[in-house]
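Spelled out from the first residue to the last, the chains are:
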Amino acid sequence: MKYFSTRGGDDLLSFEEAVLTGLAPNGGLYIPKYIPSLPQNWQEDWKSYSFVDLSVAVLSLYISPDELSKDELRALVNKSYSTFRHPDVTPVTKLSDNEFVLELFHGPTFAFKDVALQLLGNFFEFFLARKNARKSPGEQPARLTVVGATSGDTGSAAIYGLRGKKNLSIFILHPKGRVSPVQEAQMTTVTDANVHNVAVRGTFDACQDIVKALFADRPFNEKHHLGAVNSINWARILAQTVYYFLAYFHVRAQIPRHETSEIQFVVPTGNFGDVLAGYYAKRMGLPMGKLVVATNTNDILARFWRSGRYEKVNSSPDAAPANGTQADGGVQATLSPAMDILVSSNFERLLWYLAYEASSATPDATRRSSAGATIDAWMKSVKRDGRVEVPADVLELARRNFLAERVSDDQTLETIKQYFIGNPSYIADPHTAVGLSVARILATKNTPSVVQVILSTAHPAKFSEAVTKALATSQSFDFERDVLPQEFRGLLEKERRVIDVDEPSEELVKKVIESKASL
Ligand SMILES: *Cc1c(COP(=O)(O)O)cnc(C)c1O
């Protein structure tokens, strides 16, 4: 399998190259040359597969065996998911015959990004080790210095994915004192020698600007082999397709009339990585209804499916910041912060498929380059004007596979409460609650044969503020007893390792990297 950029060009990359490169030089994202279809008898053969078995089965369709044998792949997958606390890795919880929750938060940092980042860390380590084994004595070993900025969530999942990995170091910048105490503790209590937390006195945006400047600094970048682990990395999307398959089999086994039922996946969405993985599963042939994009009031995606306009500025009258505060640049701070985005980086991948389908150019090579040129033009327009409007036929195609809805913070809190007092009682984190809210909205329009599967993206203890706020008036709720996992107890008192940088300065951060990167 080869990979090419959504913005065109003739480059075809191997899986390894696509994973190590991340973003294409022309600004595009890598997608596979074709979407493989499922092998005959997959329903029968795969139905009692474990998460690891399913990972090998699905991922090997996207990775050439001469790049990674099935045995090598299995070893990497096994190692990656042995860090999860649940034997199913991503277990399914039944709330009713028509409603299931797919829990993605049983990894080391209690959030869904672990599913992809645990595997990505092992891919990086494996590819670097193999490059080095092929080098002659005395040659510079291949290394990667991962640099990123975080406002909390991604940083800790990335740190746990890369800790202790050979030939790799990771520097995560966070705004000092501006991430939640639990998230700060999760990151800074990792004391592996290759992990460097950098607390910058400044804002998250200042941290992000520093990271951008480092990547743009050619000599510095080349000297340290900077790498990123952001959500556009192809390996992250691929790793996430697996739990759609697991959920399909586990849900089917638990519903009475599964032959006539249709699964509706509902996905709390920010950068469109999680739901895009579902789209690949659907295109491969996994039976499901339309995928549901659930957003908070940062609703660029929900507005796209309403209007066909992909537009940064939140101009619709009902989208006024009712609860959230309008921050710089138009992002609203909501109770589901991991979904607070202005644009969705992975959406570009879906747009490519839509542009390709809408094109009538022949032969296929021409149709592909026409789609690449279209995406290049659309993305330039988003960058330049903050918006693009797709033709009606493209919107029509987008509506064939997706539904989208947005919910407010008030609805999110109300939903946490409703599910807590429900039977069975379920405590949802605010991101999951966005999904649950949307599921309830759609359930009123669904036929009885639809079974909803809501993706749960974080453990409620990670977002204690919102959960406590929602359940403050519930007599029977006790945060320590009902939510707080064993692993979080005593976390705040553990030994920490953090490097303070007293002003948001690129030069100071460079000095930190220079002094530590070779260790
Ligand atoms: C990242 C994240 C999301 C959004 O996922 P995308 O792939 O960016 O759409 C939702 N919930 C939580 C808790 C997250 O960390």
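As annotated in an unreviewed UniProt entry, the protein carries the name threonine synthase and comes from Lactarius akahatsu. What the UniProt record of the protein gives under Pathway (unreviewed entry) is the line "Amino-acid biosynthesis; L-threonine biosynthesis; L-threonine from L-aspartate: step 5/5." Under the UniProt heading Sequence similarities (unreviewed entry), the entry covering the protein gives this text: "Belongs to the threonine synthase family."

> Can you explain the UniProt feature "domain: Threonine synthase N-terminal" (unreviewed entry) in the protein? Please cite residues and give values.
Listed under "domain: Threonine synthase N-terminal" (unreviewed entry) in the UniProt record, and renumbered for this structure, are residues 2-81. Helix and strand shares over residues 2-81 are 41% and 8% respectively, and the end C-alpha atoms of the span are 26 Å apart.

> Residue-level account of the side chain of S359, with values.
Examined against the element boundaries, S359 turns out to sit in the loop between α13 (347-358) and α14 (364-385). Residue class for S359 comes out buried when judged on its relative accessible area of 14%. Residues in contact with S359, not counting those within four places in the same chain, are R367 and S370.

> Describe the pattern of salt bridges, listing the residues and the values that go with them.
According to the stated counting rule, one finds 28 salt bridges in the structure shown. Here E16 ties to R130 by a salt bridge, and the two come within 2.9 Å at their closest N and O atoms. Taken together, the residues E16 in helix α1 (residues 15-21) and R130 in helix α5 (residues 113-133) connect sequence positions 114 residues apart. Neither residue differs from the other here; E16 and R130 are each classed as buried. We note a salt bridge from R387 to E389, for which the minimum N-O separation is 4.0 Å. The exposure class assigned to E389 is partly exposed, which follows from its relative accessible area of 45%. A single salt-bridge network, built from bridges that share partners, covers D217, E506, E507 and K510.

> Lay out the sheet that holds strand β4 (residues 99-103) in plain terms, naming residues and giving numbers.
Pairing is mixed across the open sheet formed by six strands, whose spatial order is β3-β4-β16-β9-β10-β15. Each having just a single partner strand, β3 (92-96) and β15 (402-406) make up the two edges of the open sheet. Taken pair by pair, the neighbouring strands of this sheet meet at an average axis angle of 25°, ignoring direction. Across the sheet, helix α17 (residues 430-443) touches β4, β9 (262-268), β10 (291-295), β15 and β16 (450-456), and the angle it forms with β16 is around 165°.

> Explain the pairing of β16 to me, and be specific about the residues and the numbers.
Counting buried residues along β16, seven of its seven residues qualify, which places the element largely inside the surrounding structure. Residues V450, Q452, I454 and S456 line one face of β16 and the alternating positions V451, V453 and L455 line the opposite face, and both faces are buried. Bridge count between β4 and β16: five bridges; the pairing is parallel. Bridge assignment links F100 to a residue of β16, and that residue is V453.

> Now, about the pairing of β15: what can you tell me, with residues and values included?
A regular strand places its side chains on the two faces of the sheet in alternate fashion. A one-sided burial pattern is seen for β15, the buried positions being F402, A404 and R406 and the unburied ones L403 and E405. Pairing analysis gives five bridges linking β10 to β15, with the strands arranged parallel. In the sheet register, V293 faces β15, and the bridge partner there is A404.

> Could you give an account of the site of the ligand, with specific residues and numbers?
In the vicinity of the ligand, 15 residues are found, and the nearest of them are K113, D153, G270, N271 and T457. The separation between an oxygen atom of the ligand and a polar side-chain atom of K113 is 2.5 Å. Take G270: an N or O atom from its main chain is 2.8 Å from an oxygen atom of the ligand. Out of a free accessible area of 380 Å², the ligand has 97% covered by protein chains. Across the shell around the ligand, the residue classes tally to six nonpolar, six polar and three charged.

Analysis parameters
- Per chain, residue numbering runs from 1 following the sequence as it is written.
- Owing to the predicted nature of the model, reporting of local features is limited to residues with pLDDT of at least 70; listing and counting of side-chain atom pairs is limited to 80 or more, with chain, interface and lining totals taken over all residues.
- With hydrogens and water stripped out, all remaining heavy atoms of the structure feed into the side-chain values.
- UniProt positions are given in the numbering used here, feature names are shortened, and annotations may be inferred rather than shown by experiment.
- For the purposes of this entry, the term helix denotes a DSSP run of H or I that reaches at least four residues, the term strand denotes a run of E that reaches at least two, and both are numbered from the N terminus.
- Relative accessibility thresholds used throughout: buried, under 20% of the residue-type maximum; exposed, over 50%; partly exposed, between the two (1.4 Å probe, protein chains only).
- Residues are treated as being in contact if the distance between any of their heavy atoms lies within 4.5 Å.
- Here, a salt bridge means any side-chain nitrogen of Lys or Arg that lies within 4 Å of a carboxyl oxygen of Asp or Glu.
- Being paired, for any two strands, means DSSP has found at least two bridges between them.
- Fitting a line to C-alpha atoms yields each axis, with helices limited to the stretch in contact; the angle taken between N-to-C directions then spans 0 to 180 degrees.
- Each residue is tested against the molecule or strand, and it is near if at least one of its non-hydrogen atoms lies within 4 Å.
- Polar contacts here mean pairs of N or O atoms no more than 3.5 Å apart (in protein, one a potential hydrogen donor and the other a potential acceptor; neighbouring residues in sequence count only if both atoms are side-chain atoms).
- All accessible-area figures derive from a Shrake-Rupley calculation using a 1.4 Å probe, and residue coverage is judged against the displayed protein chains alone.
- Lys, Arg, Asp and Glu make up the charged group, whereas Ala, Val, Leu, Ile, Met, Phe, Trp, Tyr, Cys and Pro make up the nonpolar group; the residues left over, Gly among them, are polar.

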